[in-house]
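Given next are the chains, with one letter for each unit.
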Amino acid sequence: MSIHVNTVYAALLVFSAVVAAFISGVILRRRSAPGAAFLFLFLIGVQIWSLTYAMHWLSTRPEDRLFWLDATYFGVVIAPTAMMIFILRFTRPGYEFRGWKMSWLAIEPLLTLLVLWSDPWHGLFYGGGPRSPDQNLIFDGGPWFWLHVFYTYALTAAGIGLLVSASAQRNPLHSHQARLVLAGVLFPVASNVLVFAGLNPFPGLDITPVAFTFTGALLGFSLFNQRLLDLTTLGRDILIEKMNEGILLLDQKQRIIDFNPALQRLLALPKENLLGKMFKDVMGTHLQAEILSSLLADRDASAEIEVQSDSRRVVQVQVSPVYDPASHFSGWLLICIDITRQRDAEKELESRLRQIEALKEDLREQAIRDPLTGLFNRRYLQETLPRELARAERESRPLSVAMLDLDHFKQLNDAYGHLAGDAMLQQLAQVLTQLTRTGDIVTRYGGEEFVVVLPDITSQTACQRAEEWRTSFERVAASAALPLQPITLSVGIASYPQDGTSADELIHQADMALYRAKSGGRNRVATAEAP
């Protein structure tokens, strides 16, 4: 070929190397992104390939031309291998390439370089025959050459297969990224097809490194304009597809642009492709779509819905706005979480707490109630009488205490047994309950003694009330027709403040008044004497 053609080819290859170097610089700025290191290594390989091939075209001595042609293989073995690893990282982000895995991928390139540079001793790469001093392409050779060709095309085919599979992803953004990478990989494949078909626009020139530069340029464009390495989530099956939480992504028009199987399961949606469908049409009224739509109107929101399918399910729906890198609103992200167990556990806990409170109330009632009569017991009297006295003093109101005792009760027990005595005590408790107010405190003080606290009642009124109790009980006891001396009721009255200002004083004075009623013949009401 002429010197002019050689110079043009060399200039094209140098330009290719410069473009690859520029893109390498771009990659370095994003080197922390998944796969960036291998994309950078790929571009280094392209640069080596292009520059050494340019030196081949600029050289004039045959031995120099063959040397630089062989030197291109330092880039030839790097570029396809690095590109394959990048594709694997891009489509399988959860898979790590370290240690022995990396060593396996480095074996063939290292052996190829070793066989190539030692070919004069064994002829495995070039076949053992003499090489033409005008050789510009390495498209033929010995066994190892064809093994290397097969290995390289196998890597390329595997990478294309992975990218085709990734292009079929349901997520439009992910599939678009995969198609961009696929287009980049197809550049060198197309260039090889052109060469083998005799359609090479640059006769005698291996345009593969130039095609690889176009690959790098396309990936560089994608890096900044398509957020290529920011969203290398084509291995989303590892995470999103396997999540228990439902994921739903909507665009600005509330069209579904992504979802996972958990969403369909949690919301009992049809098991069909929902992409492109309107949110309200998919949800339907059976999922209370009006609630979810109100969430979208409020942007950041959260709500709970009940889903009826095979069984009742409670789902928490969290809605968040989604923004693009320019901070422009671009849609909504809905996360659906099954909280059925949590809500059932909360209900169970609430039920148990209510049971505990009821048990506590029962225990408290048992602690302050007399089991025989159902009246309050002496303990309750000791708690409430001081409180009632404090209120009477604070409001300057009267308060009276009546102590009651059954006359001849021992004779009834001795003659008829304790069951008869218990029945008589219950009759008195019933009389007192019927003839006292809601605010009065009726207690069984002990044995056959009872105490009634009468708030806002003077001594005179308390005596009148006590007479009602006495006469009413007398009639009840007489109806028993027991052949004994009649069972009657004696009552002693003490009032605040004239008879005492403390609980103990009033109880003592009422007890003394009861003693006088007993001494005076029983079946009567007596008041405390002025101290």
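Reading the values: rules and limits
Residues numbered from 1 in each chain as written. Predicted model: local features only at pLDDT ≥ 70, side-chain atom pairs only at ≥ 80, totals over all residues. Heavy atoms only, no water. Salt bridge = Lys/Arg side-chain N within 4 Å of Asp/Glu carboxyl O. Helix = DSSP H or I, 4+ residues; strand = E, 2+ residues; numbered from the N terminus. Polar contact = N/O pair within 3.5 Å; in protein donor to acceptor, adjacent residues only side chain to side chain. Phe/Tyr/Trp six-rings, centres within 6.5 Å; stacked < 30°, edge-to-face > 60°. Buried < 20%, exposed > 50% of the residue type's maximum accessible area, 1.4 Å probe, protein only. Lys NZ or Arg CZ within 6 Å of the ring centre and 35° of its normal. 1 Å grid on protein atoms, 1.4 Å probe; cavity = no way out; pocket = protein on both sides within 12 Å on 5 of 7 lines; lining within 4 Å. Points joined across faces, edges and corners; volume = space filled by probe spheres on them. Nonpolar A, V, L, I, M, F, W, Y, C, P; charged D, E, K, R; others polar. Pairing = 2+ DSSP bridges. Axes fitted to C-alpha atoms, helices over the stretch in contact; angles between N-to-C directions. Contact = heavy atoms within 4.5 Å. Parallel < 35°, antiparallel > 145°, perpendicular 65-115°, else oblique. Core = buried A, V, L, I, M, F, W, Y, C linked by side-chain atoms within 4.5 Å.

Student: Just to check I follow, could you spell out the pattern of salt bridges for this structure?
Tutor: For side chains of opposite charge, pairing can occur when their charged atoms come near one another. Within this structure, the stated rule accounts for 24 salt bridges. With a shortest N-O distance of 3.4 Å, Arg391 and Glu395 are connected by a salt bridge. Here Arg391 and its partner Glu395 are both found in helix α14 (residues 378–395), four residues apart, which amounts to about one turn of the helix. Glu467 is the salt-bridge partner of Arg470, the closest N and O atoms lying 3.0 Å from each other.

Student: Got a minute to help me understand the environment of Arg61 in this structure?
Tutor: Take Arg61: it is sitting in the loop between α2 (36–58) and α3 (62–71). In this structure the C-alpha to C-alpha distance between Arg61 and Asp134, which are 73 residues apart in sequence, comes to 10.0 Å. At 2.9 Å, the side chain of Arg61 forms a polar contact with the side chain of Asp64.

Student: Help me understand the packing of aromatic side chains in this model?
Tutor: Within a pair of aromatic rings, the relevant descriptors are the distance that separates the centres and the angle that separates the planes. Counted according to the given criterion, the structure contains 16 aromatic pairs. When the centroid spacing of 5.0 Å and the interplanar angle of 80° are considered together, the rings of Phe125 and Tyr126 count as edge-to-face. According to the relative accessible area criterion, Tyr126 is buried, its value standing at 11%. Taken together, the ring pairs connect Tyr73, Phe125, Tyr126, Phe145 and Trp146 into an aromatic cluster. The ring of Trp57 carries Arg65 above its face, with NZ or CZ at 5.8 Å from the centroid. Positioned over the ring face of Phe376 is Arg369, at 3.8 Å from the centre of the ring.

Student: How do you make sense of empty space enclosed by the protein when you look at a structure like this?
Tutor: Where empty space is left becomes clear once a probe the size of a water molecule has been rolled over the atoms. One pass over the structure, following the stated rule, counts one cavity of 30 Å³ or more. There is about 40 Å³ of room inside the largest cavity. Forming the walls of the largest cavity are Val76, Val77, Pro80, Thr81, Glu108, Pro109, His148, Tyr151, Thr152 and Leu155. Contributions of two or more residues to the lining of the largest cavity are made by α4 (73–91), α5 (100–117) and α7 (143–167). A breakdown of the residues in the lining of the largest cavity according to their chemical character gives six nonpolar, three polar and one charged.

Student: Just to check I follow, could you spell out the sheet that holds strand β10 (residues 525–527) for this structure?
Tutor: Strand pairing in a sheet relies on backbone hydrogen bonds. The paired strands run either parallel or antiparallel. Pairing within the open sheet is mixed, and its five strands lie in the order β7-β8-β6-β9-β10. The sheet is open, and its two borders are formed by β7 (441–446) and β10, each paired with just one other strand. Adjacent strand axes in the sheet meet at a mean angle of 20°, parallel and antiparallel pairs treated alike. Relative to strand β9 (residues 489–496), strand β6 (residues 399–406) runs antiparallel, the two being bridged by eight bridges. Bridge pairing links Leu404 to Val491 in β9. Strand contacts of helix α18 (residues 503–519): β6, β7, β8 (449–455), β9 and β10, with the helix running at about 145° to β9, the strand carrying the most contacts.

Student: Sorry if this is basic, but what is going on with unusual backbone geometry here?
Tutor: Backbone geometry follows two general trends: most residues other than glycine have a negative phi, and most peptide bonds adopt the trans configuration. At the junction of Tyr496 and Pro497, the peptide bond is cis and its omega measures out at 10° in the coordinates. Note that Pro497 resides in the loop between β9 and α18. We note that Gln254 has phi near 65°; this positive angle belongs to a residue other than glycine. Counting through the fold element by element, Gln254 comes out in the loop between β1 (246–251) and β2 (256–259). Here the phi dihedral of Ser396 falls at roughly 55°; this positive angle occurs in a residue that is not glycine.

Student: Is there a simple way to explain the packing of α3 against α4 in this structure?
Tutor: For any two helices packed against each other, one specifies the crossing angle of their axes together with the interaxial distance. It is at 5 Å that the axes of α3 and α4 come closest, and there the two elements cross at 15°. Between α3 and α4, the angle falls in the class roughly parallel. Here α3 contributes Leu69, Asp70 and Ala71 to the contact with α4, which in turn contributes Tyr73, Phe74 and Gly75. Here the contact of α3 with α4 is composed, by residue class, of four nonpolar, one polar and one charged.

Student: Mind showing me how you'd approach the sheet that holds strand β4 (residues 312–323) here?
Tutor: One open sheet accounts for five strands, arranged β2-β1-β5-β4-β3; its pairing is antiparallel. Looking at the sheet topology across the chains shown, the edges are occupied by β2 and β3 (301–308). Along the sheet, successive strands turn relative to each other by an average axial angle of 25°, direction set aside. Relative to strand β5 (residues 329–338), β4 runs antiparallel, the two being bridged by nine bridges. Its bridge partner lying in β5, Val322 is registered against Gly331. Docked against the sheet, helix α13 (residues 340–368) engages β3, β4 and β5, running at close to 125° with respect to β4.

Student: For this particular structure, what's the right way to read the nonpolar core?
Tutor: Within soluble globular proteins, side chains that are nonpolar tend to cluster in buried spots. By size, the foremost hydrophobic cluster in this structure holds 54 residues, and its most contacted members are Phe42, Tyr73, Phe86 and Phe125. Where this core is concerned, the elements lending two or more residues are α1 (3–29), α2, α4, α5, α7, α8 (172–196) and α9 (208–225). Per-element tally for this core: the top contributor is α4, with twelve residues. In this structure, Phe409, Leu428, Ala462 and Val491 belong to the second largest nonpolar core, which totals 26 residues.

These values are about where atoms sit, not about what they do.
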